[in-house]
Amino acid sequence: MPKHGKQYLEAAKKVERNKFYSVAEAMKLVKETSYAKFDATVEVAFNLSVDPKQADQQIRGALVLPNGTGKTQKVIVFAEGPQAEQAKEAGADEVGSDELVEKVQNGYLDFDVVIATPMMMAKVGRLGRVLGPKGLMPNPKTGTVTMDVKKAVENVKAGQVEYRVDKQGLIHAPIGKVSFEDEKLAENFNALRDVILHARPASAKGQYVKSVAVSATFGPGIHLDPLNMN
């Protein structure tokens, strides 16, 4: 068992271990149990009864949260011609082709999201060893491989989050900051919940959502009823 500090233990006392909280209760409590000295991120963790080894159960996608994430994402775009100009107009932090590929190969990693046009993927593919382990490789399922780079950049800047089931069947995603109003955190949670529920694979057996919890950075988990996340 990991050892927790005094601040964590004090925060954990506010959470009833065997209680399922409503969304409204959880969003209020997650702020009360945050003890970080910065505007902590509020995250949600879904434990799903899926087998990620099965192709049809690899749940992955992206959505724009109604109230954003509270974080300004730095976006780079691999594009040429009209798409490059559209990306710049949409507010991309850096746009390029071969020179940008070389820059990343040489160690440039000061960005949060990578977008590319389909034509550029042959070149971006050379960055797989760099971008892959960091979860930054563009992917059509998350809308980051597209000809509509303008919309893709705008979505990221508006508060788009990516979600992806890991090897243990877990999905972790941010839904805002502790400085958000309770109602805005709830709206963001509900949007993500609905997308994940809608993504249930037809081949998934039994109870789809086994558990769900929200927490602030460093804070204790607050559990919601996986059968009634309202």
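Residues numbered from 1 in each chain as written. Predicted model: local features only at pLDDT ≥ 70, side-chain atom pairs only at ≥ 80, totals over all residues. Heavy atoms only, no water.

Draft legend 1. The domain arrangement of the protein, seen in detail. Segmentation of the protein into domains returns domain 1 (6-68 + 160-224) and domain 2 (75-158). Listed per partner, the contact involves 9 residues of domain 1 and 8 residues of domain 2. Between domain 1 and domain 2, roughly 770 Å² of surface is buried when both sides are summed, and carbon and sulfur atoms account for 44% of that area. Among the residues domain 1 hides against domain 2, the three largest losses belong to R60, Q160 and E162. Together they make up 64% of the total. Applying the counting rule to domain 1 against domain 2 returns 1 residue pair in polar contact (both at pLDDT 80 or more). Within the residue set of the side of domain 1 that touches domain 2, elements represented by two or more residues are strand 2 (60-64) and strand 6 (160-164). Tallying contributions element by element places strand 2 first for the side of domain 1 that touches domain 2, with 4 residues. In terms of residue class, the side of domain 1 that touches domain 2 is built from 3 nonpolar, 4 polar and 2 charged. (Domains from an automatic or database assignment. Contact = heavy atoms within 4.5 Å. Buried area = accessible area lost by both parts, 1.4 Å probe. Polar contact = N/O pair within 3.5 Å; in protein donor to acceptor, adjacent residues only side chain to side chain. Helix = DSSP H or I, 4+ residues; strand = E, 2+ residues; numbered from the N terminus. Nonpolar A, V, L, I, M, F, W, Y, C, P; charged D, E, K, R; others polar.)

Draft legend 2. A look at the packing of aromatic side chains. Per the stated rule, a full pass over the model turns up 3 aromatic pairs. A centroid spacing of 6.0 Å and a plane angle of 80° characterise the contact between F38 and F218, whose relative ring orientation is edge-to-face. Separated by 180 residues along the polypeptide, F38 in the loop between helix 2 (23-32) and strand 1 (41-48) and F218 in the loop between strand 8 (209-216) and strand 9 (222-224) bring together distant segments of the chain. The exposure class of F218 is exposed, given its relative accessible area of 53%. (Phe/Tyr/Trp six-rings, centres within 6.5 Å; stacked < 30°, edge-to-face > 60°. Buried < 20%, exposed > 50% of the residue type's maximum accessible area, 1.4 Å probe, protein only.)

Draft legend 3. Focus on the packing of helix 2 against helix 8 (residues 182-198). Where helix 2 meets helix 8, the closest approach of the two axes is 9 Å, and the angle between their N-to-C directions is 120°. For the element pair helix 2 / helix 8, the angle class is oblique. The two elements helix 2 and helix 8 meet at a crossing, and its hand is right-handed. Contacts between helix 2 and helix 8 pair V23, M27, K28, V30 and K31 from the former with D182, L185, A186, F189 and N190 from the latter. (Axes fitted to C-alpha atoms, helices over the stretch in contact; angles between N-to-C directions. Parallel < 35°, antiparallel > 145°, perpendicular 65-115°, else oblique. Left-handed = near helix turned anticlockwise from the far one by under 90°.)

Draft legend 4. Focus on the nonpolar core. F46, L48, F189, L192 and V214 are the most contacted members of the largest nonpolar core, which has 40 residues in total. Mapped onto this core, the elements with two or more residues apiece are helix 2, strand 1, strand 6, strand 7 (170-177), helix 8, strand 8 and strand 9. Among the elements that take part in this core, helix 8 stands out by supplying 6 residues, more than any other. Sequence-distant contacts of L192, that is, excluding residues within four places in its chain, are made with V44, F46, L63, Y163, A173 and I175. (Core = buried A, V, L, I, M, F, W, Y, C linked by side-chain atoms within 4.5 Å.)

Draft legend 5. View of the pattern of salt bridges. Applying the stated criterion to the full structure yields 11 salt bridges. D112 serves as the salt-bridge partner of K71, at 3.5 Å between the closest nitrogen and oxygen. Of this pair, K71 sits in the loop between strand 2 and strand 3 (75-78) while D112 sits in the loop between helix 4 (98-105) and strand 5 (113-116); the two residues are 41 residues apart in sequence, bridging distant segments of the chain. Judged by its relative accessible area of 45%, K71 falls in the partly exposed class. (Salt bridge = Lys/Arg side-chain N within 4 Å of Asp/Glu carboxyl O.)

Draft legend 6. Structural context of the environment of N228. Mapped onto the elements of the fold, N228 is located in the segment after strand 9. Separated by 206 residues in sequence, N228 and S22 place their C-alpha atoms 8.5 Å apart. A polar atom in the side chain of N228 sits 2.6 Å from the side chain of N230.

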